[in-house]
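Observations on the three-dimensional arrangement
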Amino acid sequence: MDATTAFPDHLPVRSDHRLVADMVEPGARVLDVGCGDGALLALLMRERGVDGRGIEISREGVSQSVARGLSVIQGDADADLADYPDDSFDYVILSQTIQATRQPRQVLEHMLRIGRRAIVSFPNFGHWRIRLELGLKGRMPVTEKLPYSWYDTPNIHFCTIRDFVALCDEVGAQMERAVALNASGEPVRVSVPWWVWNLFGENGVFLLRRR
């Protein structure tokens, strides 16, 4: 049975998931941290033929992932990444999750220790729509990418693209590739300054490695 048969999925592929998949070499060993319902991991297994594992904090997410036929265990990125040996994986992925961790810097450092490369995607809190909501309405924004109200959101450490670039410098991570996706899921032009990405990028996706 090939990966396409083993991990079928008839739902549309998210643009950020497609971009992450393009960053992963075929056949790589992958750990998806905070894998949710397993959609990204299933895509990687199906289209890139990876040797994939996942950890997810919610029981519902673990159940949905296991129902897809994926190897996923319940775990907490803040607490459990410390238990993984160095260089256990080719890629460690944190998709739309870093803002929900208690210690983002520590999580990123563990990712770079555990994997030869790390891929991080996140909603950009510097996007112009979010600035407009805060500036004109004076309220925490609720958007398609950030759908929770301030009082029930799992997101506790919002960051902007420029914030994340600064964090990469602090932990000594080298950026091999960086892409900002606009509201339509299309990449913002590469040849523009960081502040343009910070203003018009709704999501940031970064491929990193240790220096």
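Anything mentioned here points back to the structure above.
Here's what I pulled together on the structure shown here. Given the structure is predicted, the values throughout are model-derived calculations rather than measurements. The numbers attached to residues start from 1 for each chain and follow its sequence in the written order. Reporting in this predicted model follows two pLDDT cut-offs: at least 70 for local features of residues, and 80 or more for side-chain atom pairs to be given and counted; totals over whole chains, interfaces and linings ignore these cut-offs and use all residues. Only heavy atoms go into the side-chain values, all of them from the structure, while hydrogens and water stay out.

1. Overview of the overall build of the chain
A tally of helices and strands in the chain yields nine helices and seven strands. Against the compact-globule benchmark of 17 Å for 211 residues, the chain has a radius of gyration of 17 Å, which places it among compact chains. When the backbone C-alpha atoms are referred to their principal axes, the chain occupies close to 55 × 35 × 35 Å. With 211 residues in all, the chain has 47% of them scored as buried. The contacts of the chain with a sequence gap of at least 6 include a subset with a gap of at least 24, amounting to 68%. A 1.4 Å probe and the Shrake-Rupley method give the accessible areas. Residues count as covered only by the protein chains that appear here. On the chain, roughly 10700 Å² of surface is accessible, and the fraction owed to carbon and sulfur atoms is 51%. Counting rule applied: Lys, Arg positive; Asp, Glu negative; His and chain ends not counted. Charged groups are reduced to one reference atom each: NZ for lysine, CZ for arginine, CG for aspartic acid, CD for glutamic acid. The positive charge centre, built from 24 side chains, and the negative charge centre, built from 28, are 4 Å apart in the chain. Helix and strand labels come from DSSP, where a helix needs a run of H or I of at least four residues and a strand needs a run of E of at least two; each type is numbered from the N terminus. Only C-alpha atoms enter the radius of gyration, while the globule expectation follows 2.2 Å times N to the 0.38, with N the number of residues. Using a 1.4 Å probe on the protein chains alone, a residue whose accessible area is under 20% of its type maximum counts as buried, one over 50% counts as exposed, and one in between counts as partly exposed. The criterion used for residue contact is that any of the two residues' heavy atoms lie within 4.5 Å.

2. Things to note about the sheet that holds strand β1 (residues 29-33)
If you trace the seven strands from one edge of the open sheet to the other, you get β3-β2-β1-β4-β5-β7-β6, paired in mixed fashion. Where the open sheet ends on each side, the last strands, each with one partner, are β3 (72-74) and β6 (173-181). The average undirected angle you get between the axes of adjacent strands in this sheet is 15°. Strand pairing is assigned whenever DSSP identifies at least 2 bridges connecting the two strands. Alignment of β1 against strand β4 (residues 89-95), held across four bridges, turns out to be parallel. Note that in β4 the partner of L31 across the bridge is V92. All axes here are fitted lines through C-alpha atoms, helices being fitted over the stretch that makes contact, and every angle between N-to-C directions spans 0 to 180 degrees. Contacting β4, β5 (115-123), β6 and β7 (203-210), helix α2 (residues 15-23) crosses the sheet at an angle of about 150° to β6.

3. Topic: the packing of aromatic side chains
Aromatic rings from Phe, Tyr and Trp, with only the six-membered ring used for Trp, were paired whenever their centres fell within 6.5 Å, and each pair was classed as stacked if the ring planes differed by under 30 degrees, edge-to-face if by over 60, and tilted otherwise. One pass over the full model with this rule turns up six aromatic pairs. Taking 6.1 Å as the distance between ring centres and 55° as the angle between the ring planes, the aromatic pair formed by Y84 and F89 counts as tilted. Arranged with centres 4.9 Å apart and planes meeting at 55°, the rings of F164 and F206 form a pair that is tilted. Remark: F206 occurs in strand β7 and F164 occurs in helix α8 (residues 161-171); sequence separation between them is 42 residues.

4. Overview of the nonpolar core
Within the largest apolar cluster, 34 residues are counted, with the highest numbers of intra-cluster contacts made by L81, L108, M111, F164 and L208. Of the residues forming this core, the biggest block, six residues, is contributed by α8. For L81, the contacting residues outside a window of four places in its chain are L31, V33, I55, D76, V107, H110, M111, R113 and I114. Buried residues of nine kinds, namely Ala, Val, Leu, Ile, Met, Phe, Trp, Tyr and Cys, make up a nonpolar core once their side-chain atoms join them within 4.5 Å. Counting residues in each nonpolar core, the second largest holds 25 residues, with A28, L40, L41 and L44 among its members.

5. Things to note about the packing of helix α6 (residues 104-114) against α8
Running from amino to carboxyl end, α6 crosses α8 at an angle of 60°, the nearest separation of the two axes being 11 Å. The angle between the axes of α6 and α8 places the two elements in the oblique class. Crossing hand, α6 versus α8: right-handed. When α6 is examined against α8, the residues R105, L108, E109 and L112 are found in contact with a partner set consisting of F164, L167, E170 and V171. Under the scheme applied, nonpolar residues are Ala, Val, Leu, Ile, Met, Phe, Trp, Tyr, Cys and Pro; charged residues are Asp, Glu, Lys and Arg; polar residues are all the others, including Gly. For the contact of α6 with α8, the class distribution of residues is five nonpolar, no polar and three charged. Reported orientations rely on four angle classes, namely roughly parallel under 35 degrees, roughly antiparallel over 145, roughly perpendicular from 65 to 115, and oblique for the rest. In this scheme the handedness of a crossing depends on how the near helix is turned from the far one: anticlockwise by less than a right angle means left-handed, clockwise means right-handed.

6. Observations concerning a nonpolar patch on the surface
Together, W128, L132, L136 and F200 give the surface a local cluster of nonpolar side chains, amounting to about 420 Å² of exposed area. Among the elements that take part in the nonpolar patch, helix α7 (residues 128-137) stands out by supplying three residues, more than any other. Each patch is built from residues that are more than 30% exposed by relative accessible area and take part in no salt bridge. Like charges join if they lie within 9 Å; nonpolar side chains (Val, Leu, Ile, Met, Phe, Trp, Tyr) join within 5 Å. A side-chain nitrogen of Lys or Arg and a carboxyl oxygen of Asp or Glu constitute a salt bridge if their distance falls within 4 Å.

7. Some thoughts on the pairing of β7
Buried residues dominate β7, accounting for six of its eight residues. Here β5 pairs with β7 via seven bridges, running antiparallel. Bridge pairing links S121 to V205 in β7.

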